[in-house]
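Examination of the molecular architecture
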Amino acid sequence: MDLRIFTEPQQGATYDTLLTVAKATEDLGFDAFFRSDHFLHMGDVDGLPGPTDAWITLAGLARETKRIRLGTLMTAATFRLPGVLAVQVAQVDRMSGGRVELGLGAGWFEEEHKAYGIPFPKEKFGRLEEQLAIVTGMWATEAGKTFDFRGTYYELTGSPALPKPAQAKVPVLVGGLGATRTPRLAAQYADEFNVPFASVEDSERQFGRVRAAAAAAGRGADDLTYSNALVVCVGRDDQEVARRAAAIGREVGELKANGLAGSPAEVVDRIGRYAAIGAGRIYLQILDLSDLDHLELISSQVQSQLS
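This one's a predicted model, so the numbers in the text were calculated from it and none came from an experiment.

Conventions adopted
Residues numbered from 1 in each chain as written. Predicted model: local features only at pLDDT ≥ 70, side-chain atom pairs only at ≥ 80, totals over all residues. Heavy atoms only, no water. Helix = DSSP H or I, 4+ residues; strand = E, 2+ residues; numbered from the N terminus. Buried < 20%, exposed > 50% of the residue type's maximum accessible area, 1.4 Å probe, protein only. Areas by Shrake-Rupley, 256 points an atom, 1.4 Å probe, with all protein chains shown as cover. Lys, Arg positive; Asp, Glu negative; His and termini not counted. Charge placed at Lys NZ, Arg CZ, Asp CG, Glu CD. Contact = heavy atoms within 4.5 Å. Polar contact = N/O pair within 3.5 Å; in protein donor to acceptor, adjacent residues only side chain to side chain. 1 Å grid on protein atoms, 1.4 Å probe; cavity = no way out; pocket = protein on both sides within 12 Å on 5 of 7 lines; lining within 4 Å. Points joined across faces, edges and corners; volume = space filled by probe spheres on them. Nonpolar A, V, L, I, M, F, W, Y, C, P; charged D, E, K, R; others polar. Salt bridge = Lys/Arg side-chain N within 4 Å of Asp/Glu carboxyl O. Axes fitted to C-alpha atoms, helices over the stretch in contact; angles between N-to-C directions. Parallel < 35°, antiparallel > 145°, perpendicular 65-115°, else oblique. Left-handed = near helix turned anticlockwise from the far one by under 90°. Phe/Tyr/Trp six-rings, centres within 6.5 Å; stacked < 30°, edge-to-face > 60°. Core = buried A, V, L, I, M, F, W, Y, C linked by side-chain atoms within 4.5 Å.

If you tally the helices and strands in the chain, you get 11 helices and 12 strands. On the principal axes, the C-alpha backbone points of the chain span a range of 60 × 45 × 35 Å. Here the chain holds 307 residues, and 53% of them are scored as buried. Surface exposure of the chain reaches about 13100 Å², of which carbon and sulfur atoms provide 51%. Charge-centre separation for the chain: the mean point of 32 positive side chains lies 6 Å from the mean point of 40 negative side chains.

Following this line, the structure appears as structure tokens:
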């Protein structure tokens, strides 16, 4: 089971804070550092000092880390034109020596679009599908040849489809709980399918849909990696769990029901239930980025039991 650290910087984090967490992620033996792609805070926080851009952040971390994978859950298709996104991701991949992964989603948070003057189109899923086709198509285009695309929302003519990523194939993540179109897109374009913040039962159901879609598309169901993103709150005792839950404004009972919370043994057992339905990777949503002791505890007493 791979454990990856997943952050939500729109809730309040500087680049220096993210760099500190990313270096701890690397030093403590976790597989990857991922971040959300949002420009507006959510819930009862002030979001200070303000948002950081996902791909600018990852570009900086690409030069400051050596081993961990780097990526997004999820880059919003509404934020970037697909040709430009292909360039950005390829460049950061080269800057990292081939450690980047692209999670790409439709975009959903209308308020942040209004706050930053970003169009929020009604038909988002169709745009996502075309973006996936364009980004992967540009990367797959042989050097020296050009890439053309004519869709409903985007048109590219004579693109040199450069630069190329350092990796022969940048892993692409698709995720969500949609019953039909999401599994189809994952089967067509994804290397990994991610279920965000869902129960074991709902995850198993969605993994099954993706496996069926992969088979219908002529792919082996196990060609994809299956993963979950879950909030994490671990403590050495009940008091420490309660303190960490309070620090992120959550209740212990709710966290145990909907995430990974409790003692290391409880969390290992809970992760085992996701592993039993086919999850091979867990993105641990860390909401208190100042609590590096939390990461150390997860590394020494949770990750060590799963490796």
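The subject of this paragraph is helix α2 (residues 54-64). Taken as a whole, α2 has its buried residues at Ala 54, Trp 55, Thr 57, Leu 58, Ala 59, Leu 61 and Ala 62. Those residues of α2 hidden inside the fold are in contact with α1 (15-27), β2 (32-35), β3 (69-72), β4 (75-76), α3 (82-96) and β5 (100-105). The backbone nitrogen of Trp 55 has a side-chain oxygen 3.1 Å away, supplied by the residue at the start of α2, namely Asp 53.

Moving on, we come to empty space enclosed by the protein. Considering all chains together, one arrives at 1 cavity of 30 Å³ or more under this definition. In this structure, the largest cavity encloses a volume near 70 Å³. In this structure, the largest cavity is lined by Val 232, Cys 233, Arg 244, Ala 247, Ile 248, Gln 285, Ile 286, Leu 287, Asp 288, Asp 291 and His 294. Listed by contribution, the elements that provide at least two residues to the lining of the largest cavity are β10 (225-234), α8 (238-247) and β12 (281-286). The residue inventory of the lining of the largest cavity, partitioned by class, reads 6 nonpolar, 2 polar and 3 charged.

Next up on the list: the layout of surface pockets. Here the largest pocket defines a volume of roughly 1200 Å³. As for the largest pocket, its lining consists of 45 residues, of which Glu 8, His 38, Met 42, Trp 108 and Phe 197 are closest to the centre. Taken together, the elements giving at least two residues each to the lining of the largest pocket come down to β5, α5 (125-140), β8 (172-175), α6 (181-189), β9 (192-196), β10, α9 (252-258) and β12. Split into classes, the residues belonging to the lining of the largest pocket amount to 22 nonpolar, 15 polar and 8 charged.

Let us now look at the pattern of salt bridges. For the structure shown, the criterion picks out 25 salt bridges. Among the ionic pairs, Glu 142 bridges to Lys 145, the shortest N-O distance being 3.5 Å. By relative accessible area, which is 49% here, Lys 145 ends up partly exposed. Taken together, the salt bridges that share partners define one network made up of Arg 236, Glu 240, Arg 243, Arg 244, Asp 291, Asp 293 and Glu 296.

What follows is about the packing of α1 against α2. The geometry of a pair of packed helices is captured by two quantities: the angle between their axes and the separation between those axes. Across the interface, α1 lies against α2 with an axial gap of 10 Å and an inter-helix angle of 45 degrees. One way to sum up the angle between α1 and α2 is to call them oblique. Taken as a pair, α1 and α2 cross one another with a handedness that is right-handed. Seen from α1, the contacting residues are Tyr 15, Leu 18, Leu 19, Ala 22 and Lys 23; seen from α2, they are Thr 57, Gly 60, Leu 61 and Glu 64. In the contact of α1 with α2, the residues fall into 5 nonpolar, 2 polar and 2 charged.

By the secondary structure assignment, Arg 244 is in helix α8. Residue classification places Arg 244 among the buried residues on the basis of a relative accessible area of 4%. In this view, Arg 244 contacts Cys 233, Val 234, Gly 235, Asp 291, Asp 293, His 294 and Leu 297; residues no more than four positions away in its chain are not counted.

This brings us to the packing of aromatic side chains. Within the structure shown, the criterion is met by 5 aromatic pairs. Relative to Tyr 116, the ring of Phe 39 has its centre 5.9 Å away and its plane inclined at 50 degrees; by these criteria the two rings are tilted. Of this pair, Phe 39 sits in the loop between β2 and α2 while Tyr 116 sits in the loop between α4 (110-115) and α5, and the two are 77 residues apart along the sequence. A residue is classified by how much of its surface remains accessible, and Phe 39, at 17% relative accessible area, is buried. Taken together, Phe 39, Phe 79 and Tyr 116 form an aromatic cluster joined through their ring pairs.

Residues Trp 55, Trp 139, Leu 284 and Val 302 are the most contacted members of the largest nonpolar core, which totals 77 residues. Here this core takes 8 residues from α5, the largest share from any one element. Setting aside its immediate chain neighbours within four residues, Val 302 contacts Leu 3, Val 234, Pro 264, Val 267, Val 268, Ile 271 and Leu 297. In this structure, Ala 32, Leu 73, Ala 229 and Tyr 283 belong to the second largest nonpolar core, which totals 7 residues.

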